[in-house]
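Notes for the structure review
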Amino acid sequence: MHNEYALGIYHEKGLENVHCINLPYTFKVPSFNVSQNSEILKILIFGFLGQNRYLRETLDIIGVVNKTRNVELHIAGKILDANLLKKINDFNFVKYHGYVSDISKLLSDVDIGLNLRVPSMGESSESLLHYWANSTPCIVSNTMAYSLLPSNVVIKVDIDNLYDSLVDLLSNYSIDENHFDICKNAYQYLLNNHNPEEYCK
């Protein structure tokens, strides 16, 4: 198992000989950059974008937020919804990058990430490790494995009121001291919990 939430499910079933090993990650020293244009809030979603990644709803949410502030939604990876993929470039606030071999450059150019799982499958997330390693604060759904993460390394939103919570959060989000605190705390959490040297012991 790669997270304590999934481990707990197995232990509840009496399977005690199952252990948790955090996903390993080879990381660099982050730059703590922000996007060059402070007039635009740049948001990123990337990875394997199935129905549980809340992409269709996110497009609606960014459309609402974009009426009160300038927003760019960068999307990288495979969109599984064929109908949505056909329409993705119709949204004037979307920049769709498709498959990206090195996500680091894109991560260094955005302000914040969205890594929602609705519903969650109890998974660990390699994409979340990429956000942390590149000093990009990340919004996650407050459920299952994500709910167990410290609140100072991610920005949690409750799934019961996800739409309104995201509209409010993104409409008022600031690149301030709290933003950089999350960057630093997340990187330290990555360093402490996902070091490949610990994985090999």
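Each remark here, short or long, concerns the structure printed above.
Our subject in this report is the structure included herewith. What you see is a predicted model, and the numbers here were worked out from it, not measured in a lab.

Moving on: unusual backbone geometry. Despite not being glycine, Tyr54 has its phi angle at roughly 65°, a positive value. Relative to the helices and strands, Tyr54 is located in the loop between strand E1 (40-49) and helix H2 (55-65). A positive phi angle, near 55°, is found at Ser135, a position not held by glycine. Tracing the backbone through its elements, the reader meets Ser135 in the loop between helix H5 (126-133) and strand E5 (138-141). Judged by its relative accessible area of 3%, Ser135 is buried.

This part covers the nonpolar core. Generally speaking, nonpolar side chains in soluble globular proteins are found buried as a group. With 30 residues, the main nonpolar core has Ile43, Leu59, Leu73, Ile75, Ile139, Leu166 and Leu170 as its most contacted residues. At the level of secondary structure, the elements contributing two or more residues to this core comprise E1, H2, strand E2 (70-79), strand E4 (112-115), strand E6 (155-157) and helix H7 (162-172). In terms of residue count, the dominant contributor to this core is H2 (five residues). In this structure, Leu73 is in contact with Ile43, Ile45, Thr58, Leu59, Ile62, Phe93, Val94 and Lys95, ignoring residues within four places of it in sequence. In terms of nonpolar packing, the next biggest core, distinct from the first, is built from 21 residues, Tyr131, Ala133, Val140 and Val154 among them.

Judged by which residues are buried, E5 turns out to be covered on both faces: Cys138 and Val140 on one side and Ile139 and Ser141 on the other are all buried. Direction of pairing for E4 relative to E5: parallel, over a ladder of three bridges. Note that in E5 the partner of Leu114 across the bridge is Ile139. Here E5 pairs with E6 via three bridges, running parallel. Across the sheet, Ile139 pairs through a bridge with Ile155, a residue of E6.

Spatially, six strands are ordered E3-E2-E1-E4-E5-E6 in an open sheet, and the strand pairing comes out parallel. Whereas interior strands pair on both sides, the edge strands pair on one side only; in this sheet they are strand E3 (94-98) and E6. Taking the axes of each pair of neighbouring strands and ignoring which way they run, one obtains an average angle of 25° across the sheet. Most of the contacts of H2 go to E2, to which it runs at about 165°, and overall it touches E1, E2, E3 and E4. Lying over the sheet, H7 contacts E1, E4, E5 and E6, oriented at roughly 145° with respect to E6.

The tally for this structure, following the rule as stated, stands at two salt bridges. Residue Arg56 pairs with Asp81 through a salt bridge whose shortest N-O separation is 2.7 Å. One end of the pair, Arg56, is in helix H2; the other, Asp81, is in the loop between E2 and helix H3 (82-87), with 25 residues separating them in the sequence. In this structure, the salt-bridge partner of Lys105 is Asp109, at a minimum N-O distance of 2.6 Å. According to the relative accessible area criterion, Asp109 is partly exposed, its value standing at 31%.

Here Ser127 is to be found in helix H5. With relative accessibility at 9%, the residue Ser127 sits in the buried group. Within polar-contact distance, the side chain of Ser127 engages the side chain of Asn115 at 3.2 Å. Leave out the neighbours within four places in its chain, and Ser127 touches Phe46, Asn115 and Arg117.

Rules and cut-offs
- Residues numbered from 1 in each chain as written.
- Predicted model: local features only at pLDDT ≥ 70, side-chain atom pairs only at ≥ 80, totals over all residues.
- Heavy atoms only, no water.
- Helix = DSSP H or I, 4+ residues; strand = E, 2+ residues; numbered from the N terminus.
- Buried < 20%, exposed > 50% of the residue type's maximum accessible area, 1.4 Å probe, protein only.
- Core = buried A, V, L, I, M, F, W, Y, C linked by side-chain atoms within 4.5 Å.
- Contact = heavy atoms within 4.5 Å.
- Pairing = 2+ DSSP bridges.
- Axes fitted to C-alpha atoms, helices over the stretch in contact; angles between N-to-C directions.
- Salt bridge = Lys/Arg side-chain N within 4 Å of Asp/Glu carboxyl O.
- Polar contact = N/O pair within 3.5 Å; in protein donor to acceptor, adjacent residues only side chain to side chain.

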